[in-house]
Protein chains: 2
Amino acid sequence: MGLTKTDIFDSRQNKLAGIFKVLGHPARIAILEYISKQNACICSDIVEEVGLAQPTISQHLKELKRIGLIEGEIEGNKVCYCIAQDRWKEIQSYLNTFFNETGTHCC
Amino acid sequence: MGLTKTDIFDSRQNKLAGIFKVLGHPARIAILEYISKQNACICSDIVEEVGLAQPTISQHLKELKRIGLIEGEIEGNKVCYCIAQDRWKEIQSYLNTFFNETGTHCC
DNA sequence: AATGTTTATCGTAATATTGCGATATACAAA
DNA sequence: TTTGTATATCGCAATATTACGATAAACATT
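Residues numbered from 1 in each chain as written. Chains lettered and ligands numbered in written order. Predicted model: local features only at pLDDT ≥ 70, side-chain atom pairs only at ≥ 80, totals over all residues. Heavy atoms only, no water.

Q: Would you take a moment to explain the overall build of chain A for this structure?
A: When its secondary structure is counted, chain A shows five helices and two strands. The helix and strand sequence of chain A, counted from the amino end, reads α-α-α-α-β-β-α. Along the three orthogonal principal directions, the C-alpha set of chain A runs to about 55 × 35 × 25 Å. Looking at the 107 residues of chain A, the share that counts as buried comes to 46%. Taking the intrachain contacts of chain A between residues at least 6 apart in sequence as the baseline, contacts between residues at least 24 apart amount to 49%. Of the roughly 5,800 Å² that chain A leaves accessible, carbon and sulfur atoms contribute 48%. (Helix = DSSP H or I, 4+ residues; strand = E, 2+ residues; numbered from the N terminus. Buried < 20%, exposed > 50% of the residue type's maximum accessible area, 1.4 Å probe, protein only. Contact = heavy atoms within 4.5 Å. Areas by Shrake-Rupley, 256 points an atom, 1.4 Å probe, with all protein chains shown as cover.)

Laid out in structure tokens, this is it:
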């Protein structure tokens, strides 16, 4: 087959996996780290920095926006991306809840 | 194309993304949660519980083992899986370091 | 207005992942 | 030894993801 059977898992499991999945690509890690490294929003010299073509970066940015990790503010013909701190912390805490509730039992 | 250009990212970014990626599938979340829900190691009625075919579960277990999140102990003709608590905590802390170091700057 | 710049989207090629039937392997039980 | 049970691996089909050229859209600059 090849299609993830999302219907047999509950929505919480799908949501959690969905967040992990977005973070599960080195380009998206690199983009997040680059945005963070700058003390202000950086409009897209991300393309230059990361080393992937502009459409590819745009696609990765879209994924990151989709789960709310970053926000883009339009400034003229440029877009200024920044990390959405509230959502960032929310996701961190959400993942920690998973780790704390799941990693406790063993033989 | 379709191939992730791992060579243009540093090994830390690839490693981090690799961990996120393994956690980025609802079946693997479900497996981890099921193993955890039992107060002891669970030999594999995972197949029955999760609702995917045995080869599929076996493949997911292999991925989880690969990054060290679970360990399987052979007991006769069964294998007993449990969460590797040290590695579990190590990964949690590793991901938290990423979140703490990256999510700080904005416009 | 014409041209350049920046970003998003479309379409497509290529690789990756998912899922499972068939099978192999290893041990258990009879 | 034969049969059953549990798990891993192989091979394949199908979907998903990644990457990017071409192009569109929106604004800036001249």
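Next, the rest of the story.
Q: How should I be thinking about the packing of helix α2 (residues 26-37) of chain B against helix α4 (residues 54-66) of chain B in this particular structure?
A: The packing of two helices is summarised by the inter-axis angle and the distance between the axes. Residue and element names in this part refer to chain B. Running from N to C, α2 and α4 cross one another at 80°; their axes reach a closest spacing of 10 Å. As far as their axial angle goes, α4 and α2 are roughly perpendicular. Here α2 contributes Ala27, Arg28, Ile31 and Leu32 to the contact with α4, which in turn contributes Ile57, His60, Leu61, Glu63 and Leu64. When the residues that make up the contact of α2 with α4 are grouped by side-chain class, the tally is six nonpolar, one polar and two charged. (Axes fitted to C-alpha atoms, helices over the stretch in contact; angles between N-to-C directions. Parallel < 35°, antiparallel > 145°, perpendicular 65-115°, else oblique. Nonpolar A, V, L, I, M, F, W, Y, C, P; charged D, E, K, R; others polar.)

Q: Looking at this model, I keep getting lost on the relation of the copies chain B and chain A. Mind explaining?
A: The operation linking the two copies of the chain is a rotation about an axis combined with a translation along the axis. Least-squares fitting of chain B to chain A yields an RMSD of 0.1 Å, with the transformation described by 0.0 Å of translation along the axis and a rotation of 180°. Both copies are brought into coincidence by an operation consistent with a two-fold rotation axis. (Least-squares fit on C-alpha atoms with pLDDT ≥ 70 in both.)

Q: Even after reading the chapter, I still don't get the interface of chain B and chain A, so can you show me in this structure?
A: Often the size quoted for an interface is simply the accessible area lost on bringing the parts together. The partner chain A presents 47 residues to the 46 residues of chain B that form the contact. Taking both sides of the interface into account, the surface hidden between chain B and chain A amounts to around 4,200 Å²; carbon and sulfur atoms contribute 64%. Between the two partners, chain B and chain A, sit two salt bridges. Across the pair Arg12(A) and Glu33(B) runs a salt bridge whose closest N-O atoms are separated by 2.8 Å. At the junction of chain B and chain A, the tally comes to 13 residue pairs in polar contact (both at pLDDT 80 or more). For the side of chain B that touches chain A, the secondary-structure elements that each account for two or more residues are α1 (11-23), α2, β3 (78-83) and α5 (85-102) of chain B. No other element matches the 11 residues that α5(B) contributes to the side of chain B that touches chain A. Residues that form the side of chain B that touches chain A fall into these classes: 24 nonpolar, 17 polar and five charged. (Buried area = accessible area lost by both parts, 1.4 Å probe. Salt bridge = Lys/Arg side-chain N within 4 Å of Asp/Glu carboxyl O. Polar contact = N/O pair within 3.5 Å; in protein donor to acceptor, adjacent residues only side chain to side chain.)

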